[in-house]
Structures are given as C-alpha cells and as structure tokens.
Amino acid sequence: MNLEVDGDRLSREIEELARFSDAEAPAVTRIAFTPTDLRARTWLISRCQEARLAVRQDPIGNIFARWTGSDAAAAAVGTGSHIDAIPNAGKYDGVVGVLGGLEAIRTLERGRFRPKHSIELLVFTSEEPTRFGIGCLGSRLLSGTLTAEAARKLIDKDGASLEEVRQRARLGGVLEEVKLPSGYYQAFVELHIEQGPLLEQQKAPLGIVTRIAAPASLRITVEGAGGHAGSVLMPDRKDALCAAAELILAVEKAARTSGATDTVATVGICEVFPGAVNSIPGRVKLAVDLRDTDLRRRDRVMWAIDAEMERIAAKRQVSNHSEVVNADAPAECAPAIIEALSASCAKRGHKFIPMVSRAYHDSLFMSRIARAGILFIPCRNGYSHRPDEYASPEDITRGVRILAETLARLAE
Ligand code: GLV
Ligand code: MN
Ligand code: MN
C-alpha cells in the first residue's frame, strides 16, 4: 500500500492549532475547557468532519472521530492523544498524536485502504492535570478507573466543580455515560513525542514503548501561623513557608536516595497565603509529582515523604494535611501492539528502540480496556513542557507513516 503522508498540511495544522493559546508564541497554554480550548476543539472537529469522519463527544468532552469499517459492529481500533497544554508549554505534546492520528487516517484513505474494523481518532479531555489537579481525566473515566461519582467531586483551582465547568462548556449527558462498554476497542495506539533525550542521543528515529512508569501526585497543605513580618520575633514563629521549604528539599532527597535513577519527584506548585512581603506565611499548598518504573519503590518514596512531613511539622510546630490525588500502577504495553509497531518499522525500513515511557499518557488507562501501545518520535534535546519543544516535520511524518501502517495491520 502506498502511504503518502501529507507532511506539509500536517505542519500547517500543527501551527494553526498552536495559535489557540493563552500564552504568547512560541509558548502554548491551553487549559482544558477554557474558551481557548473550546475554540481549539471546534476547529479540530471541523478538520475531522472535512475528513468525512463521524464525530461525537461524550459528556466529559472526549472527542471520537470514526472512520467506519466494513464490519461496523466489530471492535474499533483507536488512536489519538490530547490537545490540552500546560501553562507555558510547546506545540507538539499530545498534538502530534491527535493531528498525526488524523493524518494517518487520511493517508490510509488516500492509499485506498478499506478497514474492516472501524478506525477511531480519540481526543482525550484534560490529559494534563492543570485544571482539576488530576491528569488523564478523560481516559480515566473512559476506562472506568475514575468513577463518575469521584469525578463529580473534582473542583478546579477557581472553585468551580467539574459539573459547572461541563455545563458552561455545554456538554450534555451524565458522567456515568463516559465509561466505554467492554470490548469497544480491540486496540489503541498513541503517537507521541518522546519528551526525553534518548532517541536523539541514540540516533534512533523511532521508539516503541514497552512500559509506562507509575505516576502519583500528592496535595499537601502546611498550616502555620501568620502575623506581622516586623513584630513577631524569630523564636515565636510558625512560618508555613519555611516548613514547606524543608519539605520540598525532603521530597528531592527522597527521590535522589531511592536507590534508582528511575525515581523522579517534583514540587511544581507552591501557593503561599496570604502572599504579602510583610506577612509571615500562614499557609502553604504544595503539589508533589512522583514517578517510578517500579511501583513498590515509588510507594516507599511516598511513605518516606509522609514521614519527613511529620518530622518537619513536629520540629516547626506546624500542622499538615496530605492527600493522595492519584497513585497509579505502571502499565505494560500489549505484546500484540509492540509486534504490530515493530513489523511496521521493519517493513518501512526504520530502526527503532524499545523504550520505557517516563511521562504518562492516556495509553496508561487505555491499556486497562484494550491492547495498547505507544510510538515515540524524537524531540529536540528531549525538551518538553516548555515553549522550545520541537519535533521536525521529517520525524513527525515518519511517525505518522508507521502509525498508519500499524493501524492498517490492526484494522484489516
Ligand atoms: C504528562 O503530561 C506527564 O506529565 O507525564
Ligand atoms: Mn504533557
Ligand atoms: Mn502528552
């Protein structure tokens, strides 16, 4: 089959989508359900309709764009990723899997491939945790990992509930309807930039993911005592930020001393209340992101952080409250998908390396309901979650060709 990927159009579409942003270019900020995200979704839906795909949205806003196969009742083959972007991000994270997935479908159509199984492009809602504090919201609900009841309790950082946000986005239906019936997908393949430096360093054009690391996140509140920055003497203080500072270093140390470089921990959010230069911080909220390829080691580090938090709180006479937002198991990619991707690379003459995904992806949750796998393409210097994230048109086009070839194998 002739697989002619229209790389020029795909590059133009990536640029167009990047213009839906709340940050100045080259940065992209596109938080789930903001007016900018909603406009981007409308644009994307019209692209899918132009490709004659049947489009639907579920009650959490996951978008499904289907190319119906000759056996319409057979389980579908899914591909896709996300278009939401964290603050000050780049234009490729998630987008390559969505627009690349769409281009893979168009490439197969142009190559006169006729699928037996329907091929469906999926655009997952809020893969990024920015809005509700939890990542992969759409795929967690689709896979039944997060219940509708638990999702209804989610509140965004401005105090709006998920239900309010859904209503404002005019998403009908109830969250119970999001979970997919079992057997809906027979396979799911996600194309994504690597978000790390290995492909570039090893001069490999493609990576086939075998395993996705186990992510966890914690929300920690440290309560001290506020007061006047001039008149409360040092021995009398219960400065919440000083306690939080110790805790942040303890998080770093716990990851650094876990015994493996696979453990990573980050405190990416630190909110100080009341946030005035002449006021002792009375309350601090931290968000901790913790990951490892090994679940037990990840959990040991999580407990070590808990123990340090107690020690620091006692020493500094502050109180603390910690909540586990999510603590997910790692995922193994399905051997059948790894094989299909490998066979596609071999057929097209491309070298690949097997890889672990240290970033999480919606495939982490899709793997619970379908045979799932991920294809990585290189990104410059391994940069991601920053405005200078970059993947070359050649690398993207190659990835899309292998994705198209793999979808064809799975859908015939
Ligand atoms: C996904 O964006 C991640 O943080 O791994
Ligand atoms: Mn991301
Ligand atoms: Mn991503």
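Above: the structure in question.
Treat the numbers as computed from the prediction; the structure is a model and nothing was measured.

J.: So, the coordination of the manganese ion (ligand 3): which residues are in play, and what are the values?
T.: For the manganese ion (ligand 3), every protein donor is listed as His 82 (NE2), Asp 93 (OD) and His 192 (NE2), and the spread of their distances is 2.0 to 2.2 Å. Taken as a pair, the manganese ion (ligand 3) and the manganese ion (ligand 2) lie 3.7 Å from each other and share Asp 93 as a ligand. Within this pair, whereas His 82 is found in strand E4 (residues 76-82), its partner His 192 is found in strand E7 (residues 185-193), the two being separated by 110 residues in sequence. In this structure, His 82 and His 192 share a single accessibility class: buried.

J.: Describe the nonpolar core, and please don't skip the residues or the numbers.
T.: Counting 55 residues, the largest nonpolar core has Leu 108 and Ile 396 as its most contacted members. At nine residues, the largest contribution of residues to this core is made by helix H12 (residues 393-411). Those residues in contact with Ile 396, other than ones at most four positions away along the chain, are Leu 10, Ile 14, Tyr 92, Val 96, Ile 377 and Ala 391. If you look at the next biggest cluster of nonpolar residues, it comprises 30 residues, including Ile 60, Ala 76, Leu 141 and Ala 370.

J.: Pulling in residues and values, what's your account of the sheet that holds strand E14 (residues 319-327)?
T.: A sheet is described by the order of its strands in space; here four strands give the open sequence E11-E13-E9-E14, paired in antiparallel fashion. Two strands in the sheet have a free side with no partner beyond their single neighbour: strand E11 (264-273) and E14. Between one strand axis and the next, the sheet turns through 15° on average, direction left out of account. Where strand E9 (residues 214-223) and E14 come together, eight bridges link them in antiparallel fashion. Looking at E14, one finds that Ala 216 is bridged to Ala 327.

J.: Could you give an account of the packing of aromatic side chains, with specific residues and numbers?
T.: Summed over all chains, the structure comprises six aromatic pairs. Where Phe 20 meets Trp 43, the ring centres are 6.0 Å apart and the plane angle is 50°; that geometry is what we call tilted. Placement of the pair is Phe 20 in the loop between helix H1 (7-18) and strand E1 (28-30) and Trp 43 in helix H2 (residues 35-50), with a sequence separation of 23 residues. A centroid spacing of 5.9 Å and a plane angle of 85° characterise the contact between Tyr 92 and Tyr 390, whose relative ring orientation is edge-to-face. Residue Tyr 92 is located in the loop between strand E5 (85-89) and helix H3 (95-110), and its partner Tyr 390 is located in the loop between strand E17 (371-377) and H12; the two are separated by 298 residues in the primary sequence. Classification of Tyr 390 as partly exposed rests on a relative accessible area of 30%. Among the aromatic side chains, those forming a connected cluster through ring pairs are Phe 64, Tyr 184 and Tyr 185. The ring centre of Phe 64 lies 3.8 Å from the NZ or CZ of Arg 56, which sits over that ring. The aromatic ring of Phe 273 is capped on one face by Arg 283, whose charged end is 4.3 Å from the ring centroid.

J.: Describe the site of ligand 1, with residues and values.
T.: Around ligand 1 lies a shell formed by Glu 127, Glu 128, Arg 291, Ala 359, Tyr 360 and His 385. In this structure, Arg 291 approaches ligand 1 through a side-chain N or O atom, which is 2.7 Å from an oxygen atom. Between His 385 and ligand 1, the recorded distance is 3.2 Å, taken from a side-chain N or O atom to an oxygen atom. Compared with its free state, where it exposes 190 Å², ligand 1 has 93% of that area covered by protein. When its residues are assigned to classes, the shell around ligand 1 shows two nonpolar, one polar and three charged.

J.: Can you explain the coordination of the manganese ion (ligand 2)? Please cite residues and give values.
T.: Bound to the manganese ion (ligand 2) on the protein side are Asp 93 (OD), Glu 128 (OE) and His 385 (NE2), at distances that span 2.0 to 2.1 Å. Between the donor residues of the manganese ion (ligand 2), the gaps in sequence give the motif D-x34-E-x256-H.

J.: Talk me through the pairing of strand E2 (residues 54-57); I want residue IDs and the actual numbers.
T.: Relative to strand E3 (residues 63-67), E2 runs antiparallel, the two sharing four bridges. From the neighbouring strand, Ala 54 faces E3, where its bridge partner is Arg 66. Between the antiparallel neighbours E2 and E3 lie five residues, among them Gly 61 with a positive phi of about 95°.

J.: Would you mind going over the pairing of E7 in detail, with residue names and values included?
T.: The element E7 is extensively covered by neighbouring structure, given that nine of its nine residues are classed as buried. With four bridges joining them, E4 and E7 adopt parallel strand pairing. Bridge assignment links Thr 79 to a residue of E7, and that residue is Val 189. Of the strand pairs in this sheet, E7 and E17 are connected by seven bridges, and their pairing is parallel. Within the sheet, the bridge partner assigned to Phe 188 lies in E17 and is Ala 372.

J.: Go over the packing of H1 against H12, please, and point to the residues and values.
T.: Two elements in contact, H1 and H12, have axes whose closest approach is 10 Å; the angle formed by their N-to-C orientations is 110°. The orientation of H1 relative to H12 falls into the category roughly perpendicular. Helix-helix and strand crossings are classified by hand; for H1 and H12 the assignment is right-handed. Within the contact between the two elements, H1 uses Gly 7, Leu 10, Ser 11 and Ile 14 and H12 uses Pro 393, Ile 396, Thr 397 and Val 400.

What counts and how
Residues numbered from 1 in each chain as written. Chains lettered and ligands numbered in written order. Predicted model: local features only at pLDDT ≥ 70, side-chain atom pairs only at ≥ 80, totals over all residues. Heavy atoms only, no water. Donors = N, O, S within 2.8 Å, 3.2 Å for Na, K, Ca; no water. Helix = DSSP H or I, 4+ residues; strand = E, 2+ residues; numbered from the N terminus. Buried < 20%, exposed > 50% of the residue type's maximum accessible area, 1.4 Å probe, protein only. Core = buried A, V, L, I, M, F, W, Y, C linked by side-chain atoms within 4.5 Å. Contact = heavy atoms within 4.5 Å. Pairing = 2+ DSSP bridges. Axes fitted to C-alpha atoms, helices over the stretch in contact; angles between N-to-C directions. Phe/Tyr/Trp six-rings, centres within 6.5 Å; stacked < 30°, edge-to-face > 60°. Lys NZ or Arg CZ within 6 Å of the ring centre and 35° of its normal. Near = heavy atom within 4 Å. Polar contact = N/O pair within 3.5 Å; in protein donor to acceptor, adjacent residues only side chain to side chain. Areas by Shrake-Rupley, 256 points an atom, 1.4 Å probe, with all protein chains shown as cover. Nonpolar A, V, L, I, M, F, W, Y, C, P; charged D, E, K, R; others polar. Parallel < 35°, antiparallel > 145°, perpendicular 65-115°, else oblique. Left-handed = near helix turned anticlockwise from the far one by under 90°.

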